[in-house]
Amino acid sequence: MRKLLERLGILTAVMVCLSMTTPAFADASSKDRQEAFTADEHTLFLMHFDKAEAENGFKPATAKGEAVPADSKKARLAEEGKFGQGLDTRTEYTLAYKSQGNLDYRKGTIEFWIKTDWTEKDEIWRVLFNCSAGERPAADSVKKPYNTIGITKSGYANSAGQNLVFAVTDSAGNMYRAYRFITDWPAGQWHHLRAVWDLDNPVSGKSHLELYIDGSREGNQYGITGKKIALDGTGETFTVARNYSGCTIDELRISDTPRAAEP
Ligand SMILES: [Ca+2]
């Protein structure tokens with residue numbers, strides 16, 4: 001009971017902290033890449049979400065691990081992607097791939113373009129990428145996710161806007177985050193998201209994870225920083241967005257290196 005109360009206290013503190021945070025989303029260095037990705041030596045997984053791949057059972061253009069999706073039930077394309085077609089997340093579907101070979105949990109980059117339908121006051125949690133080993137029962141019987149890598153839009157908005165979160169949860173269930181408020185995302189606009197992490201070395205400054213939007217990490221805020229992240233594995237599969245994420249996703253690239261400095 002004491003632990004449960006402690007956790008509620010921490011949760012409240014986090015929520016108060018988030019609600020009081022001042023946004024800093026000016027993004028003078030924002031760059032918009034004008035071409036689709038190509039695979040290079042650090043590319044583990046590259047999906048263009050174009051017709052050719054969809055007709056080939058949603059097998060990506062590049063996969064260092066298993067290319068056949070672990071699950072692609074009802075996955076479908078949106079006609080208008082950033083380049084060619086994109087993944088339509090507006091309906092019920094599943095799109096999951098094996099992690100082994102396609103994602104290195106120790107360090108890397110997950111990036112994609114996204115165009116959302118979200119309104120300013122959208123209160124739905126929108127999962128954009130998720131790789132999780134599952135949940136473990138904790139001492140107080142509240143289950144805790146562990147060994148996760150995920151990108152989510154949180155389910156509440158305040159005057160600072162919607163909150164995009166890149167979070168890694170270690171083997172003990174401690175959550176590390178880089179997050180950012182977005183008020184400058186009208187529906188129907190394309191943005192480039194890049195989540196970068198390195199368990200052993202800070203990516204930039206003191207944080208082991210960074211969230212870049214349109215090439216900039218300006219406005220990032222952080223949870224726990226400075227500590228080495230004790231992640232010792234990750235989920236068997238990763239999912240690309242989830243049912244009813246309310247967006248089109250295009251050009252998903254996963255790399256085995258932190259691509260922090262690239263436009
Ligand atoms: Ca595409």
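Before reading further, recall that the structure is shown in the block above.
Residues numbered from 1 in each chain as written. Predicted model: local features only at pLDDT ≥ 70, side-chain atom pairs only at ≥ 80, totals over all residues.

1. Some points on the overall build of the protein chain
Short version of the rule: A run of H or I in DSSP becomes a helix once it reaches four residues, and a run of E becomes a strand once it reaches two; helices and strands are each numbered from the N terminus. Counting other C-beta atoms within 10 Å of each residue's C-beta, where C-beta atoms are placed from the backbone, gives the exposure class: buried for 20 or more, exposed for 12 or fewer, partly exposed between. Placing a C-beta atom from the backbone of each residue, one calls two residues in contact when those atoms lie within 7 Å.
Along the backbone of the protein chain there are two helices and 17 strands. Expressed as a percentage of its 263 residues, the buried residues of the protein chain come to 40%. Of the contacts formed within the protein chain by residues at least 6 apart in sequence, a portion of 67% connects residues at least 24 apart.

2. What about the environment of Leu 87?
Tracing the chain through its elements places Leu 87 in strand S4 (residues 86-88). Residue classification places Leu 87 among the buried residues on the basis of 27 C-beta atoms within 10 Å. With 39 residues separating them along the chain, Leu 87 and His 48 place their C-alpha atoms 9.0 Å apart. Ignoring anything within four residues of it in the chain, the contact list for Leu 87 reads Phe 49, Leu 77, Ala 78, Leu 95, Val 240, Ala 241, Thr 248, Ile 249 and Asp 250.

3. Thoughts on the sheet that holds strand S10 (residues 148-153)
Rule in force here: Pairing between two strands requires that DSSP report at least two bridges joining them.
Strands sit in the order S5-S16-S7-S10-S11-S12-S15 across an open sheet of seven strands; the sheet is antiparallel. Only two strands of the sheet have a single partner each, and these edge strands are strand S5 (96-98) and strand S15 (221-222).

4. Re unusual backbone geometry
Its identity as a non-glycine residue notwithstanding, Phe 58 has a phi of 60°, on the positive side. The exposure class of Phe 58 is buried, given the 22 C-beta atoms found within 10 Å. Of note, Tyr 244 is a non-glycine position whose phi angle comes to about 55°, a positive value. Mapped onto the elements of the fold, Tyr 244 is located in the loop between strand S16 (237-240) and strand S17 (247-255). Taking the C-beta count within 10 Å as the criterion, Tyr 244 has 14 such neighbours and is therefore assigned partly exposed.

5. Considering the pairing of S16
Alternating residues of S16 divide into Thr 237 and Thr 239 and Phe 238 and Val 240, and every residue in both groups is buried. Of the strand pairs in this sheet, S5 and S16 are connected by three bridges, and their pairing is antiparallel. Across the sheet, the residue bridging to Lys 98 is Thr 237, located in S16.

6. Some words on the pairing of strand S11 (residues 162-169)
With respect to burial, S11 is a largely interior element, eight of its eight residues being buried. Where S10 and S11 come together, six bridges link them in antiparallel fashion. What sits directly across from Thr 148, in S11, is Thr 169. Two strands pair when backbone bridges link them, and S11 and strand S12 (residues 175-182) are joined in this way by eight bridges, in the antiparallel orientation. In the strand pairing of S12, Thr 169 is matched with Met 175. The antiparallel hairpin formed by S11 and S12 contains five residues in its connecting segment, where Gly 173 sits at a positive phi of about 90°.

7. Some details on the environment of Gly 188
As for its position among the elements, Gly 188 is in the loop between S12 and strand S13 (190-198). Given 9 C-beta atoms within a 10 Å radius, Gly 188 is considered exposed. Along the backbone, Gly 188 and Thr 116 are 72 residues apart, and their C-alpha atoms lie at a distance of 5.8 Å.

8. Considerations on the environment of Ala 61
Turning to its location among the elements, Ala 61 is positioned in the loop between helix H2 (51-55) and strand S2 (62-63). A tally of 21 C-beta atoms within 10 Å means that Ala 61 is categorised as buried. For the pair Ala 61 and Leu 46, spaced 15 residues apart in the sequence, the C-alpha separation amounts to 5.8 Å.

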